[in-house]
Amino acid sequence: MSTNTVRVVATLNEKGLDYELVPVDLRTGAHKQPSFLALNPFGQIPVLDDGDIVLFESRAISRYIASEYKETGPDLLRSGGGSAETAALEVWLEVESQQFGPPIADLVFELSIKPLLGGTTDPAVVEKQAEKLGKVLDVYEERLSKNKYLAGDHYTLADLHHMPYTFYLMATPQAKLVTSRPSVLAWWHDISARPAWKKTAASIPI
Ligand code: GS8
């Protein structure tokens, strides 16, 4: 159920890497126990344990996987690309984290997660965050009307990082934020049709 964990799983699947998913029971507070805090002192999932390397922060984990396993599967960092493509990749990774992430995380929490935790969706929060996300997606619409993918002509980590929250959003009435923007919708149809994403999505319990 954890969107941030889905980001890492999506990267592993895209690279075709083997991994073991170790559940951490948030309901019993397993993530606040000393044994887990030794892995992530912030007490949050996901954590990656890759031999000598233990990492937290899903976006950093995903970048590590893309870089460390560059030769396996598609090159999600476009290391052979030109500096303009690399710069665009960096820009859109940041845009995902700084502009897109906060409003969509609040929306998905309010619409999908909160009810599952026994709470009630607050329409005022939905309205405010939908308005914020809409303004961000207007920028995406413009970008994606001129480029097939966020960094340019190729699917990269910048596209992948958007997938977990967008997947959840698409299962809510606020999917209209995507479906009402033709270039954003075409991008979503394209990236969510990737076999690695289909494998990832099949394991998400919504
Ligand atoms: C956020 C991790 C996070 O919020 C990242 O890895 O990207 N910026 C971090 N994890 C949530 C689960 S949703 O994915 C979590 O562990 N919540 C429990 C808590 O905060 O106590």
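Cut-offs used in this document
- Within each chain, residues carry numbers counting from 1 in the order of the written sequence.
- Given that this is a predicted model, residues contribute local features only at a pLDDT of at least 70 and side-chain atom pairs are listed and counted only at 80 or more, while totals for whole chains, interfaces and linings are drawn from all residues.
- The side-chain quantities take in all heavy atoms of the structure and omit both hydrogens and water.
- UniProt positions are given in the numbering used here, feature names are shortened, and annotations may be inferred rather than shown by experiment.
- Strands are runs of DSSP state E lasting at least two residues, helices are runs of H or I lasting at least four, and both sets are numbered from the N terminus onward.
- Note on definitions: salt bridges are taken to be side-chain nitrogens of Lys or Arg within 4 Å of carboxyl oxygens of Asp or Glu.
- Only protein chains enter the accessibility calculation, which uses a 1.4 Å probe. A residue is then buried if its area is under 20% of the maximum for its type, exposed if over 50%, and partly exposed in between.
- Stacked, tilted and edge-to-face pairs are distinguished by plane angle, under 30 degrees for stacked and over 60 for edge-to-face with tilted covering the rest, among Phe, Tyr and Trp rings (Trp via its six-membered ring) whose centres lie within 6.5 Å.
- Axis definition: a line fit to C-alpha positions, over the contact stretch in the case of helices; interaxial angles, taken between N-to-C directions, run 0 to 180 degrees.
- An angle counts as roughly parallel when it lies under 35 degrees, as roughly antiparallel when it exceeds 145, as roughly perpendicular when it falls between 65 and 115, and as oblique in every other case.
- By convention, the crossing between two helices is left-handed when the near helix turns anticlockwise from the far helix through less than a right angle, and right-handed when the turn is clockwise.
- Contact between two residues is taken to exist if any of their heavy atoms lie within 4.5 Å; hydrogens are not considered.
- Residues are grouped as follows: Ala, Val, Leu, Ile, Met, Phe, Trp, Tyr, Cys and Pro are nonpolar; Asp, Glu, Lys and Arg are charged; every other residue, Gly included, is polar.

(A) Structural view of the UniProt feature "domain: GST N-terminal" (unreviewed entry) in the protein. The positions that UniProt labels "domain: GST N-terminal" (unreviewed entry) are, in the present scheme, residues 1-73. Secondary structure over residues 1-73 splits into 38% helix and 11% strand, and the C-alpha atoms at its two ends are 26 Å apart.

(B) Representation of the pattern of salt bridges within the structure. The final tally for this structure, using the stated rule, is 11 salt bridges. Of the charged contacts in the structure, one is a salt bridge between Glu14 and Arg194, with a shortest N-O distance of 2.6 Å. One end of the pair, Glu14, is in helix α1 (residues 3-15); the other, Arg194, is in the loop between α9 (182-192) and α10 (195-202), and 180 residues separate them in sequence. For Glu14, a relative accessible area of 10% puts it in the buried group. Taking the shortest distance from any N to any O, the salt bridge between Lys135 and Glu131 comes out at 3.4 Å. One end of the pair is Lys135 and the other is Glu131, both in helix α5 (residues 123-146) and four residues apart, which spans about a single turn. A relative accessible area of 55% places Lys135 in the exposed class. Three or more residues are tied together by salt bridges with common partners; here these are Arg7, Arg59 and Glu96.

(C) Helix α7 (residues 163-170), seen in detail. With seven of eight residues buried, α7 is to be regarded as a mostly interior element. For α7, the full list of buried residues reads Met163, Pro164, Tyr165, Thr166, Phe167, Tyr168 and Leu169.

(D) The arrangement of the packing of aromatic side chains in detail. Per the stated rule, a full pass over the model turns up eight aromatic pairs. Measuring from ring centre to ring centre gives 5.8 Å for Phe100 and Tyr140, while their planes differ by 40°; the resulting arrangement is tilted. One end of the pair, Phe100, is in helix α4 (residues 83-116); the other, Tyr140, is in helix α5, and 40 residues separate them in sequence. An identical accessibility class is assigned to Phe100 and Tyr140; each is buried. Where Tyr149 meets Tyr155, the ring centres are 6.2 Å apart and the plane angle is 80°; that geometry is what we call edge-to-face. The pair formed by Tyr149 and Tyr155 is uniform in burial state, with each residue classed as buried. Taken together, Trp92, Phe100, Tyr140 and Trp187 form an aromatic cluster joined through their ring pairs.

(E) Structural detail: the packing of α4 against α7. Orientation of α4 relative to α7, taken along the N-to-C sense of each, is 40°, at an axis distance of 9 Å. As summarised for this structure, α4 and α7 are arranged oblique, according to the angle between their axes. With respect to the hand of their crossing, α4 and α7 are arranged in left-handed fashion. Contacts from Phe100, Ile104, Ala105, Leu107, Val108, Ser112 and Ile113 in α4 reach Tyr165, Thr166, Tyr168 and Leu169 in α7. The class makeup of the residues in the contact of α4 with α7 is nine nonpolar, two polar and no charged.

(F) Local environment of helix α3 (residues 58-68). When α3 is considered as a whole, its buried residues turn out to be Ser58, Ile61, Ser62, Tyr64, Ile65 and Ala66. On the buried face of α3, the contacting elements are α1, β1 (47-50), β2 (53-56) and α6 (157-160).

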